[in-house]
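# Summary of the model geometry
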Amino acid sequence: QQQVRQSPQSLTVWEGETAILNCSYEDSTFNYFPWYQQFPGEGPALLISISSVSDKKEDGRFTIFFNKREKKLSLHITDSQPGDSATYFCAASRDNYAQGLTFGLGTRVSVFP
Amino acid sequence: EAGVTQSPRYAVLQEGQAVSFWCDPISGHDTLYWYQQPRDQGPQLLVYFRDEAVIDNSQLPSDRFSAVRPKGTNSTLKIQSAKQGDTATYLCASRDWGLYEQYFGPGTRLTVL
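Residues numbered from 1 in each chain as written. Chains lettered and ligands numbered in written order. Predicted model: local features only at pLDDT ≥ 70, side-chain atom pairs only at ≥ 80, totals over all residues. Heavy atoms only, no water.

### Quick word on the sheet that holds strand 8 (residues 75-79) of chain B
Residues and elements named next belong to chain B.
- In spatial order, the strands read 1-3-8-7; together these 4 strands make up an open sheet with antiparallel pairing. Looking at strand neighbours, the two that pair on one side only are strand 1 (5-7) and strand 7 (65-68), the edges of this open sheet. Put simply, the sheet's adjacent strands are angled 15° from each other on average, direction ignored.
- Here 3 bridges tie strand 1 to strand 3 (residues 19-24), and the two strands are oriented antiparallel to one another. Within strand 3, the residue paired with Ser 7 across the bridge is Trp 22. (Pairing = 2+ DSSP bridges. Helix = DSSP H or I, 4+ residues; strand = E, 2+ residues; numbered from the N terminus. Axes fitted to C-alpha atoms, helices over the stretch in contact; angles between N-to-C directions.)

### Observations regarding the packing of aromatic side chains
- According to the stated counting rule, one finds 16 aromatic pairs over all chains in the structure shown.
- Summarising the aromatic geometry, the rings of A:Phe103 and B:Tyr35 are spaced 5.9 Å apart at their centres and angled 90° between planes, so their arrangement reads as edge-to-face. Placement of the pair is A:Phe103 in strand 10 (residues 102-103) and B:Tyr35 in strand 4 (residues 31-37), with the two residues belonging to separate chains.
- Assessed through its relative accessible area of 5%, A:Phe103 is described here as buried.
- On the basis of relative accessible area, B:Tyr35 is assigned to the buried category, the value being 0%.
- Relative to B:Tyr90, the ring of B:Phe21 lies with its centre 4.9 Å away and its plane at 25°, an arrangement referred to as stacked. A residue pair is termed long-range when its members are at least 10 positions apart, and B:Phe21 in strand 3 and B:Tyr90 in strand 9 (residues 88-95) qualify at 69 residues.
- Classification of B:Phe21 as buried rests on a relative accessible area of 0%. (Phe/Tyr/Trp six-rings, centres within 6.5 Å; stacked < 30°, edge-to-face > 60°. Buried < 20%, exposed > 50% of the residue type's maximum accessible area, 1.4 Å probe, protein only.)

Printed below as a string of structure tokens:
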């Protein structure tokens, strides 16, 4: 059973639009949620992250909204640019003993000019 | 500051051959992770270290896989007698034990024929 689920599997938006990526998780002990951006042939790059004590985190055009009660979060990419075209992974961990990350399957975003 | 480096970037081998992957973490990062990323999936944790000690290797898929970090800096992941199902990208990540953020290297793309 996938502990971290992402939707949609793929998403196409026009330049300037807002892309919304969804993530949900099963384990209520998860307390740290990073989003990674990955381009083909490269490793994942940390984009933005949130801890379970917050409900919103903003960094430039990227915003995470977090609903602990529903075990859901979303990543909003405003003013999408063609350079944002990549696969985005939602991940989760419990930060006891610096545990590894549990990743979702990813959302492939395509931004057309 | 240099990021996580990995070598080789690519490896192609026949079933039954052995292969080793090498990782140099970010300077000062005491925690090191190895992940396996099958094509079109998210990374999956294999093993992680704090300094030279293995913290968790329960996710290594079989005894054909082994990992070491003898001096608490660089690390090597080895696959003995590779199988076609091992085809994937192998990613190394590092972090400071006291902080949340994990940083990934570019990965080694392995193809087993």
